[in-house]
Each structure stands twice: as structure tokens, then as C-alpha cells.
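Structural overview
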Amino acid sequence: PADNVLPLARIADRKNVGIAHLENNDLDEAEVCFEELIELLPTERFCLQNLAVTRLLKIAPENLNRTDNPTAFDAGLKKTKQIVDGLQLLFPDNPKVHVIASRLALRTEDHAIAVAALQKAAKLAPNDAAIWYGIYDAGRYSRNDKLTAEANKGLAKAWELAPENL
């Protein structure tokens, strides 16, 4: 085959197997699959986004206790941040990317960054009630009056868009 032809069967396999591992919470295996996909398709959003989600799950409280293992948490956070930062650079107009960035910020309890990321997502997808609810959820426990005000605006907008869900 020519040098510029991608191994399509390998790409399909890594995608399907990676998603299966992700769905089954086999996060180490999913990470390997998505890393291999990124080697083949370094700027494909699907690959980067799923690697970011996988790494976010790896540092989620139910999978890694930050207090008990701060070294592993810091290493996982750094790896996740690299992927999320890359996503934001490559896909600044994709609301899902900003939702992922907000989830990363919340993992370190940075409510201001989380709300700001979700506000970017809301500008890109203004009719998505879940994003507006995310703004509420990210800011409601903040001790910052501005963030709690933004949280309340998010809840009001979510209610406006989807009252049946609240």
C-alpha cells in the first residue's frame, strides 16, 4: 500500500475496541486504544475527545482518590490537561470540548474555570439545556457571589429550555 493510505481496518478495530473498553470501564485498555488511534489520526476529534474522557474517568474520585494517592492524581491530571488543552486549540468551536474542559476544572474544584468553559459551550450551543444546567451545577457551591449568580442564570435558562427535565 502507498505510504499515505491509512490502515482502515486497524483504525476501525481500535475505535470499536476502545469504545467497548470505555463502556466497560476498562480504562487502561481504552487509553491504549485511543493513544494508538491518535498515532494514526493525530488531529481527529473523536480520538482526542475519547482519550480525554478516558483520562478524566481515570482521575475521577471513584477510580483514584486524590488524598490517598496525590502523585498518581497529579500525573493523571497533567496527562488529561495536555489532551484537553490540545482539544481546545484544535476545536475551539465545538461545545463538547468546552464541556470536557469544565469537567477537568471541576476535578480540581476550580469552579470559575469550569463555569467559564461551560459559558463558552453555551455560546456555541445556546439551546442545549444540559450545558446551561452544567453552569448551574458547576457554580452553585462556589463561595464566589458572581459564580453563584451565574449558576442561578444557568438554572433559569435550563428551566426555560427544558422545564420538563427540572
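Below, the structure is looked at part by part. (Residues numbered from 1 in each chain as written. Predicted model: local features only at pLDDT ≥ 70, side-chain atom pairs only at ≥ 80, totals over all residues. Heavy atoms only, no water.)

As for the nonpolar core
- Phe34, Ala52, Ile59, Ile83, Val84, Leu87 and Leu104 are the most contacted members of the largest nonpolar core, which has 25 residues in total.
- Of all the elements in the fold, those that place two or more residues in this core are α1 (8-23), α2 (27-40), α3 (45-58), α4 (70-90) and α5 (95-107).
- In contact with Ile83, other than residues within four places in its own chain, are Leu48, Leu51, Ala52 and Arg55.
- With 14 residues, the next largest nonpolar core counts Leu118, Trp132, Ala138 and Leu147 among its residues. (Core = buried A, V, L, I, M, F, W, Y, C linked by side-chain atoms within 4.5 Å. Buried < 20%, exposed > 50% of the residue type's maximum accessible area, 1.4 Å probe, protein only. Helix = DSSP H or I, 4+ residues; strand = E, 2+ residues; numbered from the N terminus. Contact = heavy atoms within 4.5 Å.)

Structural notes on the packing of α2 against α3
- Remark: α2 packs on α3, axes separated minimally by 9 Å, with the N-to-C direction vectors making an angle of 155 degrees. On the basis of their axis angle, the class for α2 and α3 is roughly antiparallel. Read as a crossing pair, α2 and α3 show a hand that is left-handed. The residues of α3 that touch α2, namely those facing Leu27, Asp28, Ala30, Glu31, Phe34, Glu35, Leu37 and Ile38, are Phe46, Cys47, Leu48, Asn50, Leu51, Thr54, Arg55, Leu57 and Lys58.
- Considering only residue class, the contact of α2 with α3 consists of 10 nonpolar, 2 polar and 5 charged. (Axes fitted to C-alpha atoms, helices over the stretch in contact; angles between N-to-C directions. Parallel < 35°, antiparallel > 145°, perpendicular 65-115°, else oblique. Left-handed = near helix turned anticlockwise from the far one by under 90°. Nonpolar A, V, L, I, M, F, W, Y, C, P; charged D, E, K, R; others polar.)

A closer look at the pattern of salt bridges
- For the coordinates displayed, the defined rule picks out 13 salt bridges.
- The salt bridge partner of Lys58 is Asp28, with a shortest N-O separation of 2.7 Å. Here Asp28 lies in helix α2 and Lys58 lies in helix α3, a separation of 30 residues in the sequence.
- On the basis of relative accessibility, which here comes to 24%, the residue Lys58 falls in the partly exposed class.
- The shortest N-O distance in the salt bridge between Asp137 and Arg140 comes to 2.8 Å.
- According to the relative accessible area criterion, Asp137 is partly exposed, its value standing at 33%.
- Because the salt bridges share partners, they merge into one network encompassing Asp28, Glu31, Glu35, Arg55, Lys58 and Lys79. (Salt bridge = Lys/Arg side-chain N within 4 Å of Asp/Glu carboxyl O.)

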